[in-house]
Structure formats: C-alpha cells, structure tokens
Amino acid sequence: MAEKFDSVVVGAGPAGIAAAFTMAKAGLSVLILERGEKPGAKNMFGGVIFRHHTEQIAPEFWKTAPVERHVVEYQYWFLTNDSHVLLSHRNQRFNKTFNAFTVHRAKFDPWFAKLAEDAGAVILNRTTVDDVIKENGKIIGVKTDRGDVLCDVVIAADGVNSMLSKHAGLRDELPPEAVVLAVKEVIALPRQRIEERFNLGPDEGIAAMLVGWGSGMHAGFMYTNRDTLSLGIGISLQDIDKSGERPHILFEQFKNHPSIAPLVRDGELKEYSAHLIPEGGYDYVSRIYTDGMLVVGDAAMLVNAINWEGTNLAITSGTLAGNTVIEAKKKGDFSSRTLVSYRQKLEESFVLKDLKKYKDVPKFFSSNQQFFTLYPEVANELAYMWHVVDDETKDAHLKEMKSTLFKRRSRLNLLKDAYHMWRLMS
Ligand SMILES: Cc1cc2nc3c(=O)[nH]c(=O)nc-3n(C[C@H](O)[C@H](O)[C@H](O)COP(=O)(O)OP(=O)(O)OC[C@H]3O[C@@H](n4cnc5c(N)ncnc54)[C@H](O)[C@@H]3O)c2cc1C
C-alpha cells in the first residue's frame, strides 16, 4: 500500500467505475477501493440503467452485460386503498432503440467494474476507506482498514452516505428532508408468468411508479426482471419523523394492495433490502471539489428524483471527474484552481441543468402533499363515477363528478395547483 497512484477512487458503483475507466483508458494509474466483497455486493436500486449513458462506457453493452429486460412500457399508477387509475405508455420504438434495462446491481456492477479493470485500473475489494489524508490542507490520499494509500486526486464515489465528503469538510450530515429511505423486495416468479401478468414479450419489461395509497407522501416502484419482480417504496426521512409512518408497514400495505397483490401472487421472496436516495435536488448538491479531491454520483447528491434517474448522473459525473483529473495531470496542478473545472463541466451538462430546472419541485411537493394524497383519490372517484351505470342520466353523473371535484378542492386551489405545476415543469 506504499505505492502512489495518480488517482484513488473510493467506491465501485457506476460513478466510481466511470471515473476509473476514463482515467485508466487515458493511461493514468488508478486504484479503486470497494468495501464490499465485490462491486455491487452492497448496492441496491429500483431499477433501470439507461442505454444512452451506459453506452458511453460500453457500446452495445446489452449484448454481453447481465441485463434482465429492456423497458417497453412506463406505467404511472394512482392508487387509493382499494382502487387504481393507471396511465401508461408502451411504444414499439423501445423495442428498436432500447432506452432502459432492468438489472440486478449484484450482477451488473461486477460486470461494469471489469471494464475499468480491463482498461488498466486495479480494484481492491473488502477495503473500507475510513478517512482522507491531508498535508498542508490538501488531500493527498486515504486511510483504509488495510493501510494508507497516496495519490494526486481522490475521487469520492462512496455513495449517499459519503463519509469522505464529510471528512474532507465538503458537507455536513444528510438533511432529513433531502433523503428518502427505500425498502425493496425481489420476488421470484416463473419467467412466463411475468410475461403473462404484464402482457410482455420475451425480454420486454415494464417500469412502474405508484403513488397514493396509505395517508402520506410516499411513492412505490415496480420493475419486471427476467424471472423476478423488484418491488419497493420510498418515504423521506423527514416524513418518517413527522408522520410516524414506518417504511416496512407501508411496504406491506403496498404489496397487499388489491391491485398489486395479484401481480405478485405465488411469488417467492428472494431478497429484502433498504437504501437511502439523495432526492433533495440542486439546492442540496454538496461542494464537489477541493484541493486533491472530487466528489461524484450519489456522494455529491446527484439524483434526479422527478425522472427517477441516478445511474446516468453517476456515470456522467464520474466521466467528467475523470476527464478533469486527466487535465490536472497534464498541467501538474491538482489544486482547486484546476479541479474547479469539474463543477463547470457538470453545470454545462444535463446533470446540473436538469437538477437546476427542477430545483423547486421537491420542496413544492413536500409542502403540497395533495398531489400524493388528494388527487389520486379524486382521480379514482371521478373514474368510478364515469364508469358506473345506473338510472341517472349522464348529465347527472357529470354534475356529480364536478361537485365531487370542487368539494374536495376549491376552483381557486385547483387553478393554483395547475398553475404551479405548469410553472415548475415548463
Ligand atoms: C431504491 C432505489 C431505487 C433506485 N432506482 C434507480 C433507477 O431505477 N435508475 C437509476 O438510474 N437510479 C436509481 N437509483 C439511484 C441509483 O442507484 C444511484 O444514483 C446510483 O447507484 C449512484 O451511483 P454511485 O456510484 O454514486 O453510488 P453507489 O451505487 O451507492 O456506489 C457507492 C459504492 O461505494 C462503496 N463504498 C461506500 N463507502 C465506502 C467506503 N468507506 N470505502 C469503500 N467503499 C465504499 C459502496 O459499497 C458502493 O459500492 C435508485 C436508488 C435506490 C436506493
């Protein structure tokens, strides 16, 4: 461990691997330190990886990578406790130009990490980084449970809890309003049954987002894998504190919902896991550079909660950080004077542009919970009234629908909600 590297990357998730791959390919000496027994061993997500950004590291990766299914349909479920309204988009173009693939991180991450290894990076698993090493205020390496390692630039890719960012003085404890706790189950079902239940062809998949059951602000997700379903829910730490709702109870309610239970019936529980998601958006992006260190991916709080994107922001930030270190090496200057260009690159990319665009959305939803509670209820009520057949005229039904709507939310508030949504999204 006495050796000195051009860069030490802490964490072998998508952000760390993209950074390591970029630097190793350019001929820099790179060490990746991962606390898990292998990359992916400690990682969980929904979820899907996106073709576009993953291909920037591995062209046509789906031909060799352990992907489960490509997504052909996106579903948005609005639930009450005993009904649902479903909005969905299926498109054959997703069969021609793949957009996203469901994956299991325990399988995908080792495959992805091998790309960095093949490019020349060294991976040391079962190695936990405990702190940064500083000299004259500049970071010059890391302390691990196996000893110290020196380098020109440390890349902190250590995920949402990023101890490294805290030790480097780049951020404080995670703010509860900006972090969601997610719990997830992987449920095994025969491949054919998944295809029948979700009306899918071989290798086709769905990605679903669900809101509205229970009483507070939380969301569920459901993804089809080859012969398993990934099912989970997320709730912010602040809401857990305020409402007293417990994620595992919410999850049971979700799984036993009359619209969801038939989809998972007779499935065998394979895995149960929990993880945090940094969903605060632009205002919570931490300081991401200092003398001798850059922060990437979840460690920098780079998640787009509106579009449910994280891995693509992780890969892009890792790549941009890697390019910045390559420039710094050419200049022979690893101080913030050079490393600041990482922040500039991120500002110019979709990563910070998207987060900036939606910067007020998390706060807006948090103080306007009717979008997660009242509106799903009203949508279900109106859908019911529209479909029910009795002796009343259609005119009477429409009047009842209008009166139900305005009883639940005044015209003024409906207009205000529509206006705010329009402003936030346009
Ligand atoms: C429930 C859930 C659903 C999600 N769904 C999606 C989705 O569908 N699509 C999507 O794009 N994104 C999704 N995300 C977000 C996505 O998972 C993250 O944005 C992405 O994994 C971030 O990558 P990363 O490399 O920054 O961090 P991570 O993937 O968290 O990797 C961090 C790595 O650092 C290692 N590590 C941590 N500390 C240390 C240490 N001290 N020493 C050594 N190693 C360390 C960890 O073991 C881990 O391997 C979801 C997240 C969750 C939790």
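Residues numbered from 1 in each chain as written. Predicted model: local features only at pLDDT ≥ 70, side-chain atom pairs only at ≥ 80, totals over all residues. Heavy atoms only, no water.

Colleague: Talk me through the pattern of salt bridges; I want residue IDs and the actual numbers.
Modeller: Considering all chains together, one arrives at 24 salt bridges under this definition. With a closest N to O distance of 2.9 Å, Arg-191 and Asp-203 form a salt bridge. Here Asp-203 lies in the loop between helix H6 (191–197) and strand E12 (204–211) and Arg-191 lies in helix H6, a separation of 12 residues in the sequence. Its salt-bridge partner being Lys-345, residue Glu-327 comes within 3.1 Å of it at the nearest N-O pair. (Salt bridge = Lys/Arg side-chain N within 4 Å of Asp/Glu carboxyl O. Helix = DSSP H or I, 4+ residues; strand = E, 2+ residues; numbered from the N terminus.)

Colleague: Can you lay out the site of the ligand for me, pointing to particular residues and giving the numbers?
Modeller: Near the ligand lie 38 residues; those nearest to it are Glu-34, Val-48, Arg-105, Asp-298 and Thr-311. Contact between the ligand and Arg-105: an oxygen atom at 2.7 Å from a side-chain N or O atom of the residue. For the ligand, the accessible surface in isolation is 1,000 Å², of which the surrounding protein chains cover 95%. The biggest single contributor to the shell around the ligand is strand E15 (residues 268–278), with three residues. Its residues placed into classes, the shell around the ligand shows 19 nonpolar, 12 polar and seven charged. Counting the residues that make up the shell around the ligand, at least three belong to each of domain 1 (3–67 + 103–173 + 284–357) and domain 2 (180–277). (Near = heavy atom within 4 Å. Polar contact = N/O pair within 3.5 Å; in protein donor to acceptor, adjacent residues only side chain to side chain. Areas by Shrake-Rupley, 256 points an atom, 1.4 Å probe, with all protein chains shown as cover. Nonpolar A, V, L, I, M, F, W, Y, C, P; charged D, E, K, R; others polar. Domains from an automatic or database assignment.)

Colleague: Go over the domain arrangement of the chain with me, naming the residues and quoting the values.
Modeller: Splitting the chain by domain gives domain 1 (3–67 + 103–173 + 284–357), domain 2 (180–277) and domain 3 (363–425). For domain 1 versus domain 3, the separation of C-alpha centres amounts to 44 Å.

Colleague: Let's hear about the packing of aromatic side chains: which residues, and what values?
Modeller: Per the counting criterion, the structure on display carries 17 aromatic pairs. Residues Phe-98 and Phe-101 carry aromatic rings whose centres are separated by 5.3 Å and whose planes lie at 70 degrees to one another, so their mutual orientation is edge-to-face. Each member of the pair, Phe-98 together with Phe-101, is buried. Measuring from ring centre to ring centre gives 5.7 Å for Phe-365 and Phe-371, while their planes differ by 70 degrees; the resulting arrangement is edge-to-face. Given a relative accessible area of 17%, Phe-371 falls into the buried group. One aromatic cluster is present, formed by Phe-364, Phe-365, Phe-371, Phe-372 and Tyr-375 through successive ring pairs. A cation sits over an aromatic face here: Arg-105 above Phe-45, 5.2 Å from the ring centre. (Phe/Tyr/Trp six-rings, centres within 6.5 Å; stacked < 30°, edge-to-face > 60°. Buried < 20%, exposed > 50% of the residue type's maximum accessible area, 1.4 Å probe, protein only. Lys NZ or Arg CZ within 6 Å of the ring centre and 35° of its normal.)

Colleague: Please give an account of the environment of Ser-367 that cites residues and values.
Modeller: When you line up the elements, Ser-367 lands in helix H13 (residues 361–367). Looking at Ser-367, the relative accessible area reads 59%, which means it is exposed. A sequence separation of 363 residues divides Ser-367 from Lys-4, and the C-alpha atoms of the two residues are 50 Å apart. Within the structure, Ser-367 has its side chain in polar contact with the backbone oxygen of Lys-363 (distance 3.0 Å).

Colleague: Describe helix H10 (residues 311–331), with residues and values.
Modeller: Between the first and last C-alpha of H10 there are 30 Å, a value that for 21 residues agrees with the 30 Å anticipated at 1.5 Å per step. Taken across its 21 residues, H10 has 15 buried, putting it largely inside the fold. Gly-332 sits one or two residues past H10 and shows a positive phi near 70 degrees. (Expected span 1.5 Å × (residues − 1).)

Colleague: Got a sec to walk through the side chain of Thr-54? Specific residues and values, please.
Modeller: Its place among the elements puts Thr-54 in helix H2 (residues 51–55). Overall, Thr-54 belongs to the buried group, its relative accessible area being 1%. Residues in contact with Thr-54, not counting those within four places in the same chain, are Ile-49, Phe-61, Phe-108, Phe-112 and Ile-315. (Contact = heavy atoms within 4.5 Å.)

Colleague: Quick one: what's the story with the pairing of strand E4 (residues 67–79), residue by residue and with numbers?
Modeller: In terms of burial, E4 is largely enclosed, as 11 of its 13 residues are buried. With three bridges joining them, E4 and strand E6 (residues 100–103) adopt antiparallel strand pairing. If you follow His-70 over to E6, its bridge partner there is Phe-101. Judged from the eight bridges that link them, E4 and E12 form a sheet pairing that is parallel. Of the residues in E12, the one forming a bridge with Tyr-74 is Ala-207. As paired strands, E4 and strand E5 (residues 84–90) are joined by seven bridges and run antiparallel to one another. Bridging from a neighbouring strand, Gln-75 pairs with Ser-88 of E5. With antiparallel pairing between neighbouring strands as the criterion, E4 and E5 make up a hairpin whose turn holds four residues. (Pairing = 2+ DSSP bridges.)

Colleague: Please provide a residue-by-residue account of the pairing of strand E13 (residues 219–224), values included.
Modeller: Counting buried residues in E13 gives six out of six residues, a clear majority hidden from the surface. Residues Ala-219, Phe-221 and Tyr-223 point to one face of E13 and Gly-220, Met-222 and Thr-224 to the other, with burial holding for every one of them. Strand direction decides the pairing type here: E12 and E13, joined by five bridges, are antiparallel. Its bridge partner being in E13, Met-209 is matched across the sheet by Phe-221. Across six bridges, the pairing between E13 and strand E14 (residues 228–236) is antiparallel. Each bridged residue has a counterpart across the sheet, and for Gly-220 the counterpart in E14 is Ile-233.

Colleague: Quick one: what's the story with the packing of H10 against helix H12 (residues 350–357), residue by residue and with numbers?
Modeller: The geometry of H10 relative to H12 is characterised by a closest axis approach of 9 Å and an angle of 135 degrees between their N-to-C directions. Here H10 is positioned oblique relative to H12, judged by the angle of their axes. For the pair H10 and H12, contact is made by Asn-312, Leu-313 and Thr-316 and by Phe-350, Val-351 and Leu-355, respectively. Its residues assigned to classes, the contact of H10 with H12 shows four nonpolar, two polar and no charged. (Axes fitted to C-alpha atoms, helices over the stretch in contact; angles between N-to-C directions. Parallel < 35°, antiparallel > 145°, perpendicular 65-115°, else oblique.)

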